[in-house]
Amino acid sequence: NPGGARAQVSSVIQLLVETIIQKSKGLRARQLGQDIHFKMVMIIGLEGSANKIGVGIVQEGKVLSNPRCTYVTPPGQGFIPHDTAKHHQAHVLEVLHMALAEADVTPQQIDAIAYTKGPGMAAPLISVAVVARTIAQLWNKPIVAVNHCIGHIEMGRLITGAENPTVLYVSGGNTQIIAYLERKYRIFGETIDLAVGNCLDRFARILMLSNDPSPGYNIEQMAKKGRKFLPLPYCVKGMDVSFSGILSYLEERADKLLKTGQYTKADLCFSLQETVFAMLVETTERAMAHCGSQEVLICGGVGCNLRLQQMMGKMCEERDAKLYTTDESFCIDNGAMIAQAGYLMYNSGIRTPLVDTWITQRFRTDDVQVTWRD
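Residues numbered from 1 in each chain as written. Predicted model: local features only at pLDDT ≥ 70, side-chain atom pairs only at ≥ 80, totals over all residues. Heavy atoms only, no water.

Student: I would appreciate a short explanation of the packing of helix 7 (residues 244–259) against helix 8 (residues 265–291) in the present structure.
Tutor: Between two packed helices, both the angle of their axes relative to each other and the distance between the axes serve to describe the pair. As a packed pair, helix 7 and helix 8 sit with axes 11 Å apart at the nearest point and diverge in direction by 160°. With respect to their mutual orientation, helix 7 and helix 8 come out roughly antiparallel. When the axes of helix 7 and helix 8 are compared, the crossing they make is right-handed. Across the interface between the two elements, Ile246, Leu250, Ala254, Leu257 and Leu258 from helix 7 touch Lys265, Leu268, Leu272, Thr275, Val276 and Met279 from helix 8. Classifying every residue of the contact of helix 7 with helix 8 gives nine nonpolar, one polar and one charged. (Axes fitted to C-alpha atoms, helices over the stretch in contact; angles between N-to-C directions. Helix = DSSP H or I, 4+ residues; strand = E, 2+ residues; numbered from the N terminus. Parallel < 35°, antiparallel > 145°, perpendicular 65-115°, else oblique. Left-handed = near helix turned anticlockwise from the far one by under 90°. Contact = heavy atoms within 4.5 Å. Nonpolar A, V, L, I, M, F, W, Y, C, P; charged D, E, K, R; others polar.)

Set out below in structure tokens:
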């Protein structure tokens, strides 16, 4: 029956067309964001390279939680690696639980564990790496080993919105002038001995300033009262800086200067800040000129210092450049910065095999292949 065959064919074609139309509508709805649920990546980061143990949780660029606990020693004393590690071991689970509770998430919702591989102090780094390995196996999650310095940079870029800045990274253990080029953060200049934060901390011990909340913060507050400037050695060597000579100069003279009344503690703090910050601004400006950059990002614990920000801001103003800074929530070592760097690495396909989850005290910033940036 030719007529019946044609009717059957017509019916089949109509059914196929309707099916295609329905699937097309469904596809279009998904493309428009209707009736679609995609999973946003969530990373937990553990930081413990120095005297702070921190755990942060980041999801798609949003910081969900970021608690930390600081090991504070008596005035005149620094923190010893062994004792710092014991502090981290005693508080890490408490801080971990705080992070999960504050973010209101469960381990099942976490996609990966990020931890600080280095640089830093060996004993504290090892303590945190062990915890990261343990929870990764308990929760059956992949691990991402993060460079501490890059954690600071990526958190700074996230919080401030800086696109491609010249970076001044200043902390208790590191002082570097950095710029991004061809899949790496290149170090244009750095300290050849002490980090600027270490210099400030050790001078605070000479003056017997409190370590609570930090010696650098207390130097900053005291420097605001300083009125008399003491000329100090100014040690810039090309693009590099040196702070050991300045510290030695003050160690030899501070007691006499204070006892004779020539200078006050506030004067000495003021003089030290003005000198070392001028050195950092000079080398940063030179790096900007070399790179043709119009952005500066200050990160690391010393980056909280308002006087450093003010001096750098003046230089940027004169160059019609823009300065980006953050407050102590993100300048000071924290878990969220490790989570953010881990998030970027994880999304670019990086995973760290369990057998490679060791620590490296001297983990250079320019050793890392930056696969997540163009």
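Student: Got a minute to help me understand the nonpolar core in this structure?
Tutor: A general tendency of soluble globular proteins is for nonpolar side chains to be buried together. Membership of the largest hydrophobic core comes to 44 residues, with the highest contact counts inside it found for Phe203, Phe243, Ile246 and Leu272. Every residue in contact with Leu272, bar those within four places of it in the chain, is listed here: Cys199, Leu200, Phe203, Leu232, Ile246 and Leu250. Listed in part, the 35 residues of the second largest apolar core include Val58, Val144, Tyr324 and Ala341. (Core = buried A, V, L, I, M, F, W, Y, C linked by side-chain atoms within 4.5 Å. Buried < 20%, exposed > 50% of the residue type's maximum accessible area, 1.4 Å probe, protein only.)

Student: I tried to follow the pairing of strand 3 (residues 62–65) on my own but got confused; where do I start?
Tutor: Taken residue by residue, a regular strand's side chains alternate between the two faces of the sheet. Across three bridges, the pairing between strand 2 (residues 52–59) and strand 3 is antiparallel. Its bridge partner being in strand 3, Val58 is matched across the sheet by Val63. Hairpin connection between strand 2 and strand 3: a loop of two residues separates the two successive antiparallel strands, and Glu60 in this loop has a positive phi of roughly 50°. (Pairing = 2+ DSSP bridges.)

Student: I would appreciate a short explanation of the pairing of strand 1 (residues 42–47) in the present structure.
Tutor: Summarising burial for strand 1: six of the six residues are buried, a large majority. Burial along strand 1 is two-sided: the face carrying Met42, Ile44 and Leu46 and the face carrying Ile43, Gly45 and Glu47 are both buried. Bridge count for strand 1 against strand 2 is six bridges, and the pairing is antiparallel. Each bridged residue has a counterpart across the sheet, and for Ile44 the counterpart in strand 2 is Ile57.

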